Amino acid sequence: MNILVTGGAGFIGSHLVRLLVNKYPNYRIVTFDSLTYAGNLANLNDLKNAPNHVFVKGDIVSRDDVRNALKHYEITDIIHLAAESHVDRSIEGPMPFVTTNVLGTVNLMEEAKNYWKELSGHTFYHVSTDEVFGSLGKEGFFTEETAYDPRSPYSASKAASDHFVSAYFHTYGLQIKRSNCSNNYGSHHHPEKLIPLMINNILNRKPLPVYGEGVNVRDWLWVEDHAQAIDRIFHEGKVGCNYNIGGWNEWRNIDLVQELCSIMDELLDRKPGESAQLITYVKDRAGHDHRYAIDATKLHNELGWKPSLTFEEGLRKTVKWYLDNQAWVTEVTSGSYRDYYKKMYGEN
Ligand code: NAD
Ligand code: TYD
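Scope of this entry: the structure provided in the associated data block.

Conventions adopted
Residues numbered from 1 in each chain as written. Chains lettered and ligands numbered in written order. Predicted model: local features only at pLDDT ≥ 70, side-chain atom pairs only at ≥ 80, totals over all residues. Heavy atoms only, no water. Buried < 20%, exposed > 50% of the residue type's maximum accessible area, 1.4 Å probe, protein only. Helix = DSSP H or I, 4+ residues; strand = E, 2+ residues; numbered from the N terminus. Pairing = 2+ DSSP bridges. Near = heavy atom within 4 Å. Polar contact = N/O pair within 3.5 Å; in protein donor to acceptor, adjacent residues only side chain to side chain. Areas by Shrake-Rupley, 256 points an atom, 1.4 Å probe, with all protein chains shown as cover. Nonpolar A, V, L, I, M, F, W, Y, C, P; charged D, E, K, R; others polar. Salt bridge = Lys/Arg side-chain N within 4 Å of Asp/Glu carboxyl O. Expected span 1.5 Å × (residues − 1). Contact = heavy atoms within 4.5 Å. Core = buried A, V, L, I, M, F, W, Y, C linked by side-chain atoms within 4.5 Å.

## A few points about the pairing of strand β8 (residues 208-211)
Part 1 of the argument: Covered by surrounding structure in β8 are Leu208 and Val210 only, the residues Pro209 and Tyr211 on the alternate face being uncovered.
Part 2 of the argument: By the bridge criterion, four bridges tie β8 to strand β12 (residues 279-282) in an arrangement that is parallel. The residue of β12 that forms the bridge with Tyr211 is Val282.

## Remarks on the site of ligand 1
Part 1 of the argument: Residues in close proximity to ligand 1 total 28 residues, the closest being Ile12, Asp33, Ser85, Tyr154 and Lys158.
Part 2 of the argument: One nitrogen or oxygen atom from the side chain of Tyr154 is found 2.7 Å from an oxygen atom belonging to ligand 1.
Part 3 of the argument: Relative to its unbound accessible surface of 830 Å², ligand 1 loses 96% to contact with the protein.
Part 4 of the argument: Those elements that provide at least two residues to the shell around ligand 1 are α1 (11-23), β5 (124-129), α5 (153-172) and β7 (183-185).
Part 5 of the argument: At three residues, β5 tops the list of elements feeding residues into the shell around ligand 1.
Part 6 of the argument: When grouped by side-chain class, the residues that make up the shell around ligand 1 number twelve nonpolar, 13 polar and three charged.

## A look at the pattern of salt bridges
Part 1 of the argument: Under the defined criterion, the tally for this structure stands at 16 salt bridges.
Part 2 of the argument: Here Arg67 ties to Glu111 by a salt bridge, and the two come within 2.8 Å at their closest N and O atoms. One end of the pair, Arg67, is in helix α2 (residues 63-72); the other, Glu111, is in helix α4 (residues 95-116), and 44 residues separate them in sequence.
Part 3 of the argument: The class for Arg67 is partly exposed, based on a relative accessible area of 36%.
Part 4 of the argument: As a salt-bridge pair, Lys113 and Glu110 come within 3.6 Å of each other at their nearest N and O atoms.

## Quick look at α1
Part 1 of the argument: Between its first and last C-alpha, α1 extends 19 Å over 13 residues, near the 18 Å set by a 1.5 Å rise per residue.
Part 2 of the argument: Taken across its 13 residues, α1 has ten buried, putting it largely inside the fold.
Part 3 of the argument: Buried within α1 we find Phe11, Gly13, Ser14, His15, Leu16, Val17, Arg18, Leu19, Leu20 and Val21.
Part 4 of the argument: For α1, the elements touching its buried residues are β1 (2-6), β2 (28-33), β3 (53-57), β4 (77-80), β7 and α7 (223-236).

## Overview of the nonpolar core
Part 1 of the argument: Residues Val5, Leu16, Leu20, Ile29, Ile79, Ile245 and Leu299 are the most contacted members of the largest nonpolar core, which totals 40 residues.
Part 2 of the argument: Residue assignment for this core shows that the elements contributing at least two residues are β1, α1, β5, α7, β10 (242-245) and α9 (297-303).
Part 3 of the argument: Apart from the residues within four sequence positions on either side, Leu299 is in contact with Ala229, Ile233, Tyr243, Asn244, Ile245, Gly304 and Trp305.
Part 4 of the argument: Judged by nonpolar contacts, the second largest core, of 27 residues, contains Met198, Ile202, Trp220 and Tyr322.

Below, the structure is given as structure tokens:
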């Protein structure tokens, strides 16, 4: 197999590429990534000498970039993760989300359909999010049957791409698989997102900005467990099906930040309660989804997948990784999103 992994230099993509490269020495894994502010080759440093891994700098929105890569590497399958992924940035400016997440996904499928001609035997795997289902109240879970109800420009763009993926399956017979996952955490997570942002601010004794009252709930999953689930679905999942992936691990934001503070007080030799004094309630996110919670029973029952780590173990590992990899944090935060945005899209 020659598998094209789009977005492989990003957070989840780099964990997936590492898993595939190490687990399947007979596959060729082609990381295809345009290296936006969110993508970084440092995420794949340990694979520099892997004989079955290639990096290609390319944009999923560009017909030529995609076409050339498919042809040159004789791509047999695609796992698609490339996306603009940060909700707050989608509120600031939705256009890059429409361009990459919607147009880019359709361009990729169109080029794959044309290149493969005979579609059977080739998998197009689309990695999506639980945010397409909208916002839950106190009770209930998102299942594979939950109706779509996206509320942020990010989730609307992912929902649109999911619908196009279904359309390509039903209309053209593209052999698709799709999964919708809850919030991931772990190493190599861009410091704009809640957990790494809080870790860095605690370390540097900066304010910890909790949106609103901190009562919004997210269901957190260890990123390597997500990569394992994708591997399982890619190889064993039914064509045309979608699977929900989640951690059965719901946390209110404020409780999670408190937990990080107490882990870091201990690891940094601070007095208990010292870091929590940095917690600062700030203006809420516009349209802030209240609660996400995934029911991953289908994936568990059909393919035997379940999360491998407890949250306590995963959070400690994550904190330690950030403390040991401050050079990585400096590197990935050195480019400004504003500059990247201006270069790509002009002034807002
Ligand atoms: P990320 O922002 O860390 O990485 C995205 C990667 O895509 C980056 O390497 C970036 O350079 C690349 N990219 C962006 N635009 C591109 C383009 N036009 N052409 C080629 N490459 C491009 O994101 P992530 O958190 O790793 O998320 C990966 C995927 O998983 C996304 O599709 C996201 O919607 C989905 N997802 C994420 C989460 C989460 O908690 N992070 C949860 C569920 C699903
Ligand atoms: P985030 O990591 O941006 O993921 P998502 O919005 O995709 O769920 O945010 C997770 C939660 O944390 C979300 O409810 C918003 C909240 N949040 C804060 O309270 N403060 C912050 O600085 C950030 C980035 C997020």
